[in-house]
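# Per-entry structural report
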Amino acid sequence: MSDEITHGGVVTSVDDSGIGRLTISRPERMNALDGGAHQAIEDTLAEWSTRDDVRVVVIDGAGGSFSAGADVRGFAERSTEGGASGFTREQARQIISGGSALLRAVRSVPVPVIASVDGAAAGIGASLALGADLIYTTARSYFLLAFVNIGLMPDGAASMSFATAVGRVRANELALLGEKLRASEALDAGLVNGVVDDRAALDEVVGTVARKLAGKSAAALRLTKAALDAHTMAGFDAAIERELEGQTELLQSPEFQAAITAFAGASK
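I will try to describe carefully the structure that is included in this document. (Residues numbered from 1 in each chain as written. Predicted model: local features only at pLDDT ≥ 70, side-chain atom pairs only at ≥ 80, totals over all residues. Heavy atoms only, no water.)

Turning next to the overall build of the protein. Scanning the protein from terminus to terminus reveals 11 helices and 10 strands. Here the C-alpha radius of gyration of the protein, 18 Å, is about what a compact globule of 268 residues would show, namely 18 Å. By its C-alpha atoms, the protein is 55 × 40 × 35 Å across when sized along the principal axes. With 268 residues in all, the protein has 50% of them scored as buried. (Helix = DSSP H or I, 4+ residues; strand = E, 2+ residues; numbered from the N terminus. Rg over C-alpha atoms; globule rule 2.2 N^0.38 Å. Buried < 20%, exposed > 50% of the residue type's maximum accessible area, 1.4 Å probe, protein only.)

Put into structure tokens, the structure is as follows:
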């Protein structure tokens, strides 16, 4: 196995069988994603996408969470630069562009990507998980499109990926109500491939699936994934663009400004 590399709160390695492992390791923040973590994930996946020895990618989170979403620490301070309206348009567009770039990086990986979800997958963390090709979870895990709860809309192509996975009506429920979808419900809805009891069992099943994939024809996997994506992910780019415009507007809204101000006060 190659040596582990830690950068921006992300730990990465590639083993001798070609399994690339990317672990978000910010457990003190429930693996919430800040700019450094975003960049580390994007850089790693871009580099792995060019390597013939990387045959499958596993994305997971350390310390009992997959990812709680965007790390909003400092949002309140940054938003004051825009005055009473909160973020300037330039700031808002830069923020949402980060989530878009993250999911583009995941979807640009030509080999299968597995999400190993233990605990919370919320906000952009839920989008990240749904960007994978295969998803396995522990029984205590949940998915949460929390955006509407703070005056925002889904991003990271979640408006497309959740609807594709569970259908329009169920996706509407998740996105409009902003309530948790538990692992067992996610399995019933067709959102995930499997649910196991605990982290040890999750590591075992994900490891088994990753090794199976790594042992198959790399060319066959790439072409099969591309063919499936052409149908199931056809709306990806359009979703990203709609979300970019909508979220840029909403990040400047009084509702979001009030939400992050309240968050900042509660976290002191």
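Remark: a regular strand shows side chains that alternate across the two faces of the sheet. Among the five residues that make up strand β7 (residues 134-138), four are buried, leaving the element largely enclosed by the rest of the structure. Where strand β5 (residues 113-117) and β7 come together, four bridges link them in parallel fashion. Pairing of V117 across the sheet is with T137, part of β7. Looking at chain direction, β7 and strand β10 (residues 194-196) are connected through three bridges and run parallel. Its bridge partner being in β10, Y136 is matched across the sheet by G194. (Pairing = 2+ DSSP bridges.)

With that out of the way, let us pick up the pattern of salt bridges. Enumeration according to the criterion identifies 16 salt bridges in this entry. Here R107 and D133 are joined by a salt bridge, their closest N and O atoms 3.1 Å apart. Here the residue R107 occupies a position in helix α3 (residues 89-107), and D133 occupies one in the loop between α4 (124-130) and β7, the gap between them amounting to 26 residues. Taking relative accessible area as the criterion, D133 reaches 28% and is therefore assigned partly exposed. With a shortest N-O distance of 2.9 Å, R170 and E173 are connected by a salt bridge. One end of the pair is R170 and the other is E173, both in helix α6 (residues 168-177) and three residues apart, which spans about a single turn. When its relative accessible area of 28% is taken as the criterion, R170 is described as partly exposed. With a relative accessible area of 38%, E173 lands in the partly exposed category. Through salt bridges with shared partners, one network takes in R26, R29, D34 and D71. (Salt bridge = Lys/Arg side-chain N within 4 Å of Asp/Glu carboxyl O.)

Before going further, it helps to spend a moment on the nonpolar core. One finds L45, V57, F143, F162 and L191 to be the most contacted residues of the largest nonpolar core, which totals 58 residues. Broken down by element, this core gets its largest block of residues, six residues, from α3. With residues up to four places along the chain from it excluded, the contact list for L191 reads L130, I135, F143, F162, A165, V166, L181 and A186. One finds V56, A210, L213 and L221 within the second-largest nonpolar core, a separate group that totals 13 residues. (Core = buried A, V, L, I, M, F, W, Y, C linked by side-chain atoms within 4.5 Å. Contact = heavy atoms within 4.5 Å.)

Another point: the environment of R182. With respect to the helices, strands and loops of the structure, R182 is situated in strand β9 (residues 181-182). Assessed through its relative accessible area of 41%, R182 is described here as partly exposed. Separated by 39 residues in sequence, R182 and F143 place their C-alpha atoms 6.5 Å apart. Dropping the residues within four chain positions of it, R182 is found in contact with S141 and Y142.

In the Ramachandran plot, M30 falls in the positive-phi region, its phi being about 55 degrees despite a non-glycine side chain. In this fold, M30 is placed in the loop between β3 (19-24) and α1 (35-48). The exposure class assigned to M30 is partly exposed, which follows from its relative accessible area of 40%. One non-glycine residue with positive phi stands out, namely N31, at about 60 degrees. With respect to the helices, strands and loops of the structure, N31 is situated in the loop between β3 and α1.

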